[in-house]
Amino acid sequence: MGQRNGGIQHNGAADLVKARAQLLDAGLDAETLRGALVDLFELWLTSKGNELGITADSGLSVVAVGGLGRHEMLPYSDLDLVLLHDDVDPKVVSEVADQLWYPLWDAHIKLDHSVRTVPQALRVAADDMIAGLGLLEARHIVGDQDLSNLLIGGVRREWRTGIRGRFDDLIAAATARWQRSGEIAHRAEPDLKNGRGGLRDIQLLDALSIAQLTDAMPGLGPESPGGGLKLAHRRLLDVRTELHRVAGRARDQLRAQDADEIGAALRIGDRFDLARTLTDSARTVSYSCDVGLRTAANALPRRGLARLRRMPVRRPLDEGVVEHSGEVVLARDARPQRDPGLILRVAAASAQTGLPMSATTLNRLSEDAPELREPWPKDALNDLLVLLGAGRGSIDAVEALDRTGLWGRLFPEWGAVRDLPPRDAVHTWTVDRHLMETVAYASGLSTRVARPDLLILGALLHDIGKGRQGDHSVVGAELATHIGRRLGLWPSDVRTLSAIVRHHLLLPDTATRRDLDDPATVAHVTDALGGDVGLLELLHALAEADSMATGPGVWGDWKASLIGELVRRCRLVMAGEPLPEPEPIAPDLLDKARAGGVHVSLAPGDSKHTFVVTVIAPDEPGLLSDAAGVLALHSLRVLSASLGGAGESAINTFIVMPKFGDPPDAGLLRQELIRAGTGALNLSDVLAKREAEAIGIGQGRYARAQPRLIWSPTSTPGQVVLELRADDRIGLLSRLAGAFAATGANVRWARVVTMGSAVVDAFCLDLGDADSPVLRERIEKAVLGVVPKPAPAPPPTETPAGD
């Protein structure tokens, strides 16, 4: 380069432009080209500065900001320079500035310039945040080094001392920029510089690091996909460098027509391969930026009354999981090395509360948490269902797990769909994000199916076969079988999950492409599903969730009506669904019930963290409500329950999971059940207080899905089965039992099942001669009064006339 640019020292900037053109034609890779351009411009400025008398003792110096200041000179980047002066004749300063700027202007090099004293530059940095951010990147080029250091040190010092007053404005400016430019990861033609996940965000992280509020590269552990923030930064720079070279001018937005050429130049592949690389990099930057901003906010010094407040409280969320300073973190006594399910409990708590997981916690889990053994224990599967059933909260939680390598550890198959761009323009999201969008929509439809757990898992896996050779439905069905076994599903549920993935396109394809009046159309569907009504129900809900997650306008009245009519006709030719039936009661429990008295036993369940609680007591009004309330009071989550009786006694068996630690002693449960029955313990007030505390940290305020009630007759006169599908809440079973008691409905038996954060409960109600539409309406009103309901819809916005 020395020989090529040797003549620049005594000539105008035209030689600089000529040398730049030679570098662009030299076939250098993007990173080498940027380094060569930095050397080229520094050499020209140094030579020109010496020619103009900008020397070490001149009281003048040239400082670079922007790309040259960051050592990130792109082919057609603006040249951002500051001419500093100290006690120099203004006329001399003006002459030097003219002789420095005019050759660059004459050569049509874009120039952003200023002439300042150090105090003037510091005032500009203090008054204008954008200018201040730019000066944080200042770097000495030529002249008086001490003068440059005064500016660089002064700007950084004032940035650190003034960051508290500027932080809110910094966040507001970044948010406004993201709204203007969108997310790089999900834009067909992204803005590489200003978009969310772009180069400006990396500069924002650098600014927070200079303020000593965060590490410049926070939040990513050794297993993070794509190589972490450093590689993501370089990839974004490489793509933008080639974008300049292809366009022949400065450009920030990657156009679709240039993507193939840029992908080939970077040896990445075609435009789809380039899109995948950009998505990975942008999501890495976005996650790191989120972590950096949270870390910085927590690190800001407190002033005034805030300094007198107590340290933030650590609120328990789950076993080994607490909330601290607005983040989900590990409890002090958590032992990740011995607790493989801790990853899912942390993520589930984050998804339910809407609180982000601490980067330190995720890194610790990444380093210390062991692999979950196959098959997964039931509590791990339940935590996965809670995570996936949390609505839109699950998207951010899974994104954080994925960026830190933890999601890929749980689902190695995810690597094939991670950041995979869609091949069809109608799809808005990458395949992995589409899967999570489908999960979020499916959680809102969970009460439409009898197996919300399989609906959520089917939504997660329906496109898992993409990115591989062969029909993605067929490949995905095989993968779903392996995953279902790993999760510990029953063999019949594994088969259903595989069938969901295999046939997830059956209903929309058949309804929109075949004649619904042709009997062969319905036969085609019923034969494919083997006459399984439950599978038909699951596919119907998944078709809607999948369409809604694809993009705007994909799900509408036309498509909904076609699929709905197809499903209706298929139901007519399929066998009816069996009614729920009571569980058989063990003989030893029947003998104990006939003997009378109050008995409470607690025994280990099928998995490490589950227990079986059996309550035998006189069958009196309010017993079920009291028993379920006592369990909720002691943070025992009811996963399933079977309610029955013998003679004058009720026999209620609960499968429970402690939210924290070990379960209480059975004797304590018995004592409190007796206290509740006598009125000495007001369960309603205590549970209301517990729920208010949970809502205070974002848990359980609103349901994801509209609750659903289904009435079915039985063969016994006066008895009916009421099936409830709803979201869970603290003490729900106790509240339901209370609602039935308040309406005079006698619960003969019940089957209660909790699947993640959803419940499917069947109650056999003895209404006797009082059975009537009025009584059923009163029961429905009482039940709906205690189950969680979706958040109210926002009021419609008025559209100005003519829009």
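Residues numbered from 1 in each chain as written. Predicted model: local features only at pLDDT ≥ 70, side-chain atom pairs only at ≥ 80, totals over all residues. Heavy atoms only, no water.

1. Focus: the sheet that holds strand S7 (residues 327-330)
Keep this limit in mind: At least two bridges found by DSSP between two strands is the condition for calling them paired. Helix numbers and strand numbers start at the N terminus; a helix is a DSSP run of H or I with at least 4 residues, a strand a run of E with at least 2. Note on geometry: axes are C-alpha line fits, over the in-contact stretch for helices, and angles between N-to-C directions span 0 to 180 degrees.
If you walk across this open sheet you meet the three strands as S5-S6-S7, and the pairing is antiparallel. Strands with a single pairing partner mark the edges of an open sheet, and in this sheet they are strand S5 (315-318) and S7. Within this sheet the neighbouring strands show an average axis-to-axis angle of 40 degrees, counted without direction. Across four bridges, strand S6 (residues 321-324) lies against S7 in antiparallel orientation. Its bridge partner lying in S7, Val 321 is registered against Leu 330.

2. A short note on the packing of aromatic side chains
Here is the rule: Any two of the Phe, Tyr and Trp rings considered here, Trp counted by its six-membered ring, make a pair once their centres fall within 6.5 Å; the pair's planes then place it as stacked at under 30 degrees, edge-to-face at over 60, or tilted in between. The rule is short: NZ of Lys or CZ of Arg within 6 Å of the ring centre and within 35 degrees of the ring normal puts a charge over the ring.
Following the criterion strictly, the structure yields five aromatic pairs and no others. Pairing Trp 407 with Trp 414 gives two aromatic rings, centres 5.8 Å apart and planes at 90 degrees, and the pair type is edge-to-face. Clustering of aromatic rings is evident, with ring pairs tying together Trp 376, Trp 407, Phe 411 and Trp 414. Against the face of Phe 272 rests Arg 423, its NZ or CZ located 3.8 Å from the ring centre.

3. A look at empty space enclosed by the protein
As a reminder, the rule being used: In the cavity and pocket records, a cavity denotes points on a 1 Å grid over the protein atoms alone where a 1.4 Å probe fits but cannot get out, a pocket denotes an open set with protein on both sides within 12 Å along at least 5 of 7 lines, and lining residues are residues with an atom within 4 Å of a point. Grid points are joined across faces, edges and corners, and a volume is the space filled by probe spheres set on the points. Amino acids are sorted into nonpolar (Ala, Val, Leu, Ile, Met, Phe, Trp, Tyr, Cys and Pro), charged (Asp, Glu, Lys and Arg) and polar (every other residue, Gly among them).
One pass over the structure, following the stated rule, counts three cavities of 30 Å³ or more. Approximately 90 Å³ is the volume found for the largest cavity. Among the elements that take part in the lining of the largest cavity, helix H18 (residues 452-461) stands out by supplying three residues, more than any other. In terms of residue class, the lining of the largest cavity is made up of five nonpolar, five polar and three charged. Estimates place the volume of the second largest cavity at around 60 Å³. Lining the second largest cavity are Arg 283, Ile 395, Val 398, Glu 399, Asp 402, Trp 414, Asp 432, Arg 433 and Met 436.

4. Quick look at the environment of Arg 594
Just so we agree on the cut-off: Residue burial is assigned from relative accessible area. The probe radius is 1.4 Å, only protein chains are included, and a residue is buried under 20% of its type maximum, exposed over 50%, and partly exposed in between.
Mapped onto the secondary structure, Arg 594 falls in helix H25 (residues 587-595). Given a relative accessible area of 57%, Arg 594 falls into the exposed group. The spacing of Arg 594 and Ile 616 is 22 residues in sequence and 9.8 Å in space, taken between C-alpha atoms.

5. Describing the sheet that holds strand S14 (residues 746-755)
Test applied: Contacts between residues were defined by any pair of non-hydrogen atoms, one from each residue, lying within 4.5 Å.
The strand order across the open sheet formed by eight strands is S8-S9-S11-S10-S14-S15-S13-S12, and the pairing between neighbours is antiparallel. Lying at the two open borders of the sheet, with one neighbouring strand each, are strand S8 (599-604) and strand S12 (708-713). Taking the axes of each pair of neighbouring strands and ignoring which way they run, one obtains an average angle of 15 degrees across the sheet. The sheet contacts of H25 involve S8, strand S9 (611-618), strand S10 (636-646) and strand S11 (649-658), and relative to S11 the element is tilted by about 125 degrees.

6. Some details on helix H5 (residues 118-127)
The following threshold applies: Note that the arc is defined by the directions from the helix axis to the C-beta atoms.
The set of residues buried in H5 consists of Val 118, Ala 121, Leu 122 and Ala 125. The buried residues of H5 all sit within an arc of 100 degrees when viewed along its axis, so they share a single face. Opposite the buried face of H5, at more than 90 degrees from it, the exposed residues are Arg 123 and Asp 127. Tucked inside the fold, the buried residues of H5 contact strand S2 (79-85), strand S3 (111-116), helix H6 (129-135) and helix H7 (145-181).

7. Details of the nonpolar core
Let me state the cut-off plainly: In this description, a nonpolar core means a group of buried Ala, Val, Leu, Ile, Met, Phe, Trp, Tyr and Cys residues linked to one another through side-chain atoms lying within 4.5 Å.
If you look at the biggest cluster of nonpolar residues, it comprises 92 residues, and the most contacted ones within it are Leu 384, Leu 387, Trp 407 and Phe 411. Counting residues per element, this core draws most heavily on helix H23 (residues 533-550), at nine residues. Contacts of Leu 387, omitting those with residues within four sequence positions, involve Leu 344, Ala 347, Ala 348, Ala 351, Ser 394, Ala 397, Val 398, Leu 401 and Trp 407.

8. Focus on the side chain of Asp 432
With respect to the helices, strands and loops of the structure, Asp 432 is situated in helix H17 (residues 431-443). In contact with Asp 432, other than residues within four places in its own chain, are Arg 283, Asp 402, Trp 414, Val 417, Arg 418, Asp 419 and Leu 420.

9. Some thoughts on the confidence of the model for the protein chain
Where we set the bar: pLDDT measures the predictor's confidence residue by residue and takes values from 0 up to 100.
When pLDDT is averaged along the protein chain, the result is 90, and 93% of the positions lie at 70 or above. Across residues 797-803 the pLDDT falls below 50, and counting only partners more than four positions away or on other chains, this stretch makes zero contacts in the model.

10. A closer look at the environment of Leu 52
When you line up the elements, Leu 52 lands in the loop between helix H2 (30-51) and strand S1 (60-65). A relative accessible area of 14% means that Leu 52 is categorised as buried. Here the alpha-carbon distance between Leu 52 and Tyr 702, two residues 650 residues apart in the chain, equals 70 Å. In contact with Leu 52, not counting residues within four places along its chain, are Val 96, Gln 99 and Leu 100.

11. Notes on unusual backbone geometry
For the bond running from Glu 374 to Pro 375, omega is -10 degrees, close enough to zero to count as cis. The residue Gln 212 is not glycine, and still its phi comes out positive at about 60 degrees. With respect to the helices and strands, the residue Gln 212 is situated in the loop between helix H8 (199-210) and helix H9 (228-247). Overall, Gln 212 belongs to the exposed group, its relative accessible area being 62%.

12. Details of helix H20 (residues 491-502)
We apply this condition: Helices are assigned an expected span. That span is 1.5 Å times one less than the residue count.
Helix length check: H20, at 12 residues, gives a terminal C-alpha distance of 16 Å against a target of 16 Å (1.5 Å per residue), a fit within 8%. All buried positions along H20 are accounted for by Asp 493, Val 494, Thr 496, Leu 497, Ser 498, Ala 499, Ile 500 and Val 501. Elements in contact with the buried residues of H20: H18, helix H19 (472-487) and H23.

13. Regarding the pairing of strand S13 (residues 719-727)
Strand residues, when the strand is regular, have side chains that alternate between the two faces of the sheet. Taken across its nine residues, S13 has nine buried, putting it largely inside the fold. Both faces of S13 are covered, namely the face carrying Gln 719, Val 721, Glu 723, Arg 725 and Asp 727 and the face carrying Val 720, Leu 722, Leu 724 and Ala 726. Where S12 meets S13, six bridges bridge the pair, whose relative direction is antiparallel. Among the inter-strand pairings, Leu 709 is bridged to a residue of S13, identified as Leu 724. Where S12 folds back onto S13 in an antiparallel hairpin, the turn is made up of five residues, including Gly 718, whose phi is positive at roughly 85 degrees. Taken together, the nine bridges between S13 and strand S15 (residues 758-766) define a ladder with antiparallel strand orientation. Looking across to S15, one finds that Leu 724 is bridged to Asp 761.

14. Remarks on the pattern of salt bridges
Charged atoms that come close allow side chains of opposite charge to pair. Quick note on the threshold: We count a salt bridge whenever a side-chain nitrogen from Lys or Arg sits within 4 Å of a carboxyl oxygen from Asp or Glu.
Per the counting criterion, the structure on display carries 49 salt bridges. A salt bridge links Arg 294 to Glu 327; its shortest N-O distance comes to 2.9 Å. Note that Arg 294 is positioned in helix H11 (residues 271-299) and Glu 327 in strand S7, a separation of 33 residues in sequence. In this structure, Arg 294 and Glu 327 share a single accessibility class: buried. Here Glu 691 ties to Arg 735 by a salt bridge, and the two come within 3.4 Å at their closest N and O atoms. Residue Glu 691 is located in helix H28 (residues 683-696), and its partner Arg 735 is located in helix H29 (residues 732-743); the two are separated by 44 residues in the primary sequence.

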